[in-house]
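This is what each chain is made of:
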Amino acid sequence: MNQYFADMGEKPFRSQQILQWIYQRKVTDVDNMTNLSKALRLRLKETTNLALPKVVNQQISKDGTCKWLMQLSDGNSIETVFIPEEDRGTLCVSSQVGCSLNCTFCATARQGFSRHLTVDEIIGQLWVANDALEAMGVATAKPDVISDHRRPVTNVVMMGMGEPLANFDNVVAAMNLMMDDFTFGLSRRRVTLSTAGMVPAIDQLAEACPVSLAVSLHAPNDALRDQLVPLNKKYPIQTLMEACRRFVGDSMRQRITFEYVMLQELNDTPSLAKELAALMADMPAKVNLIPFNPFEGIDYRRSSKSRIDRFRDILLSRNVFTVTRKTRGDDIDAACGQLAGDFVDRTRRSERMQRESIRVSLS
Ligand code: SAH
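Residues numbered from 1 in each chain as written. Predicted model: local features only at pLDDT ≥ 70, side-chain atom pairs only at ≥ 80, totals over all residues. Heavy atoms only, no water.

K.L.:
Looking at this structure, how should I read the site of the ligand?
P.N.:
In the neighbourhood of the ligand, 21 residues make up the surrounding shell, with Phe-105, Ser-194, Ser-216, His-218 and Asn-293 lying closest. Between the ligand and the protein, one listed contact pairs an oxygen atom with a backbone N or O atom of Thr-195 at 3.3 Å. Residues that form the shell around the ligand fall into these classes: 11 nonpolar, 8 polar and 2 charged. (Near = heavy atom within 4 Å. Polar contact = N/O pair within 3.5 Å; in protein donor to acceptor, adjacent residues only side chain to side chain. Nonpolar A, V, L, I, M, F, W, Y, C, P; charged D, E, K, R; others polar.)

In structure tokens form, the structure reads like this:
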């Protein structure tokens, strides 16, 4: 934007003014941006386009979780989820239309992949969610938020549809924008990116945008992880752990969250808990156990509460900081791994999967 204004001989602070209009005062009609000259407004109208994702469906869970189906300008749609908690409001943001990874327990994977989201489509989810929540009267009073522009969304997790590091440039630009003082001013502690383990991009992220990192681990050894997260064949666990260590660097201050989906009798045994504890031994880590969220046509089962507790207790007894993630919004299919937009699958994976399951049921 700075470049755009420089090219037309305008002062660089024009971009700050525009950001404030759009993100803080929620003005999306250039005509109402009153501190810009008439000539500049005309020019902006002629050369730029201000568009937001369109909410086509809004669902509210009985626990207060909100899910929106947002339609993009090309007709594809994606999902975004808001999770209210006592002291914060977290928005789960999508980074791609579908996902090109093929994790076996994830609903988004089943749908295949269409394309990357653009920067405006990523930041637009935050804009639209805040707007919708404000219209519903949701306000998150955060005593430690200094900004005058308090918004219902205090935290962002890049944990919606897609692999954010596969769409690196757009995701980084959008996250930098969220953290800008002239937009939402989120601190980097409040922005978390989750990855299935794209090693080279983890290194790049440390340089480009040092937000909080979450890694979807799900298994402590390659044999098992290869089955659950096929990307592991490319970047096996040791390589991934080394990248995580480089990411925290010498500071050792910033903890990495390791996500671990709990699948009954598959990755939830006591011996795997011990293996996981050993893997976490010299890592500033927090393990987040996610009870598996089922969806149609999937054979995995969620681990029982007693198995999850046992797994957690083994980790805790070995000094690994571990919490079980509370399942939120599952009555509206808004929980982890249940997001599925509505789009054209360019990989034709969904079609293939359907054919295979028909074949299986015939045989
Ligand atoms: N592609 C990124 C971002 C998605 S984050 C990543 O893999 O990290 C969504 C989180 O939910 C990931 O940890 C993912 O592994 C997990 N998840 C996927 N399907 C799930 C399911 N059915 N139940 C519980 N968690 C699931």
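K.L.:
What's the story with the packing of helix α7 (residues 199-208) against helix α9 (residues 237-248) in this structure? I'm lost.
P.N.:
A pair of packed helices is characterised by two quantities: the angle between their axes and the separation of those axes. Direction vectors running N to C along α7 and α9 enclose 0 degrees, while the axes themselves pass 9 Å from each other. It follows from the interaxial angle that α7 and α9 lie roughly parallel. Where α7 abuts α9, its residues Val-199, Ile-202, Asp-203, Leu-205 and Ala-206 lie against Thr-239, Leu-240, Ala-243, Arg-246 and Phe-247. Here the residues of the contact of α7 with α9 are counted per class, giving 7 nonpolar, 1 polar and 2 charged. (Axes fitted to C-alpha atoms, helices over the stretch in contact; angles between N-to-C directions. Helix = DSSP H or I, 4+ residues; strand = E, 2+ residues; numbered from the N terminus. Parallel < 35°, antiparallel > 145°, perpendicular 65-115°, else oblique. Contact = heavy atoms within 4.5 Å.)

K.L.:
Whenever I open this one, the environment of Met-178 confuses me. Can you help?
P.N.:
Mapped onto the elements of the fold, Met-178 is located in helix α6 (residues 168-178). Expressed as a C-alpha distance, the spacing of Met-178 and Glu-86, which sit 92 residues apart in the sequence, is 22 Å. Residues in contact with Met-178, not counting those within four places in the same chain, are Ile-122, Ile-123, Leu-126, Val-156, Met-158, Thr-183, Phe-184, Gly-185 and Leu-186.

K.L.:
It is not clear to me how the nonpolar core should be interpreted in this structure. Could you clarify?
P.N.:
Soluble globular proteins tend to pack their nonpolar side chains together in the buried interior. By size, the foremost hydrophobic cluster in this structure holds 110 residues, and its most contacted members are Met-175, Leu-205, Phe-258 and Met-280. Ranked by residue count, the leading element in this core is helix α5 (residues 119-135), at 8 residues. Two domains each provide a minimum of three residues to this core, namely domain 1 (1-50) and domain 2 (51-362). Apart from residues lying up to four places away in sequence, Met-280 is in contact with Leu-217, Met-241, Phe-258, Ala-285, Val-287 and Val-320. (Core = buried A, V, L, I, M, F, W, Y, C linked by side-chain atoms within 4.5 Å. Buried < 20%, exposed > 50% of the residue type's maximum accessible area, 1.4 Å probe, protein only. Domains from an automatic or database assignment.)

In short, shape yes, function no, at least from these values alone.
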